[in-house]
Amino acid sequence: MKNIFRIFAVVVLLTVISVPSAQAGNDERRGTAGASELLINPWARSTGWGSVNISNVRGLDAMFGNIAGLAFVENIEVAYTNTMLYGGKSGLTSGASINTFGLGIRVFDAGVVGVYIMSMGFGDIPITTELSPEQGNNGTFSPSYMTINVGYAHSFTRSIHGGAVLKVVTESTDNVSGSGFGIDAGIQYVTGENDELKFGISLKNWGPAMSFGGTGLSLQMVGTGGNDFTVETRQAEMELPTCLNIGLSYDFLFDKWDQKLTVAAGFTSNAFLRDNYTLGFEYSLLKRLQLRAGYIFQPGMWNNDAATAKNGICAGASVDIPFSKDEKTGITIDYSYQSQSPLKGTHAIGASFRF
């Protein structure tokens, strides 16, 4: 069985790192999905190498990348991350940011329950209308996006871990709102004498279509007889941005100073966008310092024809400070930077506590 998994892992790795010459992904459906914020990783630790750690993500970060990794929470983990999108207040979208809070608790010997809330805001946006297109004359409005995720991960054996997430997404302004729900599922397989080889696969954002409603979708009209009447705009439903992630990683271990170098590759098949290919590296020293970097490739990006701003170089670092000799309690501080061409870069900083 182990040999079968190893052969399969090698085949997957060759598939992931071999970029086909043909156009990848479903480019014809680009822009037709809703709730695109579900594709934004809100955690600083994993965005530091492009969310390539599908096979080896651990802790609350796993609730985005691959829920199976939540099974590695030892007792209780609490995490918070603030993400300043596209340069934050100095960027293209003034004040665009994400605040994320998560909690993971081991409830069984082999099972962990986790929950995290992601709140996305865009600052104050000037209101313009057909009759008053000038900015500053009509006040402002503040859209808000929120996603609530509840998940469970289980260790079936020492090598096989899996789980699922139920998510509820809401988007709203003062007079228009929409909501929907979806499911994530993932599995990780760990093998090797020192668990150095890992394989992971996750399906994200599978669920029914969502739509919007509210008074903002109605229009006051005047008939030919001078009578006022209200016209309701018929809204089309939008599918969730479903995607399939496949990842593979290998740890090179060094006895001196407890060093570890992890090489990871990932492939994302998007139902409504072009596919993404990611390669990343993470260096760990004494289990106290981690440095990581990655590169996200998207077909067309080198010809200035990228479908999204999620491409290019990313980098990050983590510092772990234990509070006890057994290191089961402590704090980890994370930082990441992601280039978002042609927009300004995204910065994220966060901290996680384990008890």
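**Comments concerning the pairing of strand β18 (residues 330-338)**
Inference 1: Bridge count between strand β17 (residues 312-322) and β18: nine bridges; the pairing is antiparallel. The residue of β18 that forms the bridge with Ser318 is Asp334.
Inference 2: Of the pairings in the sheet, the one linking β18 to strand β19 (residues 346-354) comprises nine bridges and is antiparallel in character. In the sheet register, Tyr337 faces β19, and the bridge partner there is His347.

**Details of the pattern of salt bridges**
Opposite charge on two side chains lets them pair, provided their charged atoms get close.
Inference 1: Under the definition given, this model contains eight salt bridges.
Inference 2: The partner of Arg158 in a salt bridge is Asp195, with the nearest N and O atoms 3.0 Å apart. Taken together, the positions of Arg158 in the loop between β6 (144-155) and β7 (160-172) and Asp195 in the loop between β8 (177-191) and β9 (197-206) put the pair 37 residues apart, joining distant regions of the chain.
Inference 3: With relative accessibility at 21%, the residue Asp195 sits in the partly exposed group.
Inference 4: Three or more residues are tied together by salt bridges with common partners; here these are Lys167, Asp184 and Lys204.

**A look at a nonpolar patch on the surface**
Inference 1: Together, Ile117, Met146, Ile148, Val150, Leu166, Val168, Phe181, Ile183, Leu203, Trp206 and Leu244 make up a nonpolar patch on the protein surface, roughly 900 Å² of accessible area in all.
Inference 2: Broken down by secondary-structure element, the contributors of at least two residues to the nonpolar patch are β6, β7, β8 and β9.
Inference 3: Mapped onto the fold, Leu203 is located in strand β9.
Inference 4: Accessibility expressed as a relative area gives 35% for Leu203, which makes it partly exposed.

**What about the packing of aromatic side chains?**
Inference 1: For the structure shown, the criterion picks out six aromatic pairs.
Inference 2: Look at Trp43 and Tyr116: their rings are 5.5 Å apart centre to centre, the planes differ by 65°, and that puts the pair in the edge-to-face class. One end of the pair, Trp43, is in the loop between α1 (2-17) and α2 (44-47); the other, Tyr116, is in strand β3 (residues 111-121), and 73 residues separate them in sequence. We note that Trp43, like Tyr116, is buried.
Inference 3: Note on Phe267 and Tyr277: the rings are 5.2 Å apart at their centroids and 45° apart in plane angle, and the pair reads as tilted. Remark: Tyr277 occurs in strand β15 (residues 276-285) and Phe267 occurs in strand β14 (residues 259-270); sequence separation between them is ten residues. Across the pair, Tyr277 and Phe267 agree in class, each one buried.
Inference 4: These aromatic residues form a ring-pair network of at least three members: Phe267, Tyr277 and Phe297.

**Thoughts on the side chain of Thr83**
Inference 1: In this fold, Thr83 is placed in strand β1 (residues 76-84).
Inference 2: You can call Thr83 buried: its relative accessible area is 1%.

**Quick look at the confidence of the model for the protein**
Interpretation of this model should avoid reading the predicted coordinates in detail wherever pLDDT is low.
Inference 1: With 88% of its residues at a pLDDT of at least 70, the protein reaches an overall mean of 86.
Inference 2: Taken together, the stretch residues 1-24 has pLDDT below 50 and engages in 27 contacts with residues farther than four places along the chain or on a different chain.

**Some details on the side chain of Ser318**
Inference 1: Mapped onto the elements, Ser318 comes out in strand β17.
Inference 2: A distance of 2.8 Å separates the side chain of Ser318 from the side chain of Arg292, its partner in a polar contact.
Inference 3: Apart from residues no more than four positions distant in its own chain, Ser318 is found in contact with Arg45, Arg288, Leu289, Gln290, Arg292, Thr332, Ile333 and Asp334.

**Focus: unusual backbone geometry**
Inference 1: With a phi close to 60°, Leu286 is a non-glycine residue in the positive phi region.
Inference 2: Structurally, Leu286 can be placed in the loop between β15 and β16 (289-297).
Inference 3: Notably, Glu327 is not glycine yet its phi reads approximately 65°, a positive angle.
Inference 4: Mapped onto the fold, Glu327 is located in the loop between β17 and β18.
Inference 5: We classify Glu327 as partly exposed; its relative accessible area is 30%.

How each quantity is defined
Residues numbered from 1 in each chain as written. Predicted model: local features only at pLDDT ≥ 70, side-chain atom pairs only at ≥ 80, totals over all residues. Heavy atoms only, no water. Pairing = 2+ DSSP bridges. Helix = DSSP H or I, 4+ residues; strand = E, 2+ residues; numbered from the N terminus. Salt bridge = Lys/Arg side-chain N within 4 Å of Asp/Glu carboxyl O. Buried < 20%, exposed > 50% of the residue type's maximum accessible area, 1.4 Å probe, protein only. Patch = residues over 30% accessible without salt bridge, like charges linked within 9 Å, V, L, I, M, F, W, Y side chains within 5 Å. Areas by Shrake-Rupley, 256 points an atom, 1.4 Å probe, with all protein chains shown as cover. Phe/Tyr/Trp six-rings, centres within 6.5 Å; stacked < 30°, edge-to-face > 60°. pLDDT = per-residue confidence, 0-100. Contact = heavy atoms within 4.5 Å. Polar contact = N/O pair within 3.5 Å; in protein donor to acceptor, adjacent residues only side chain to side chain.

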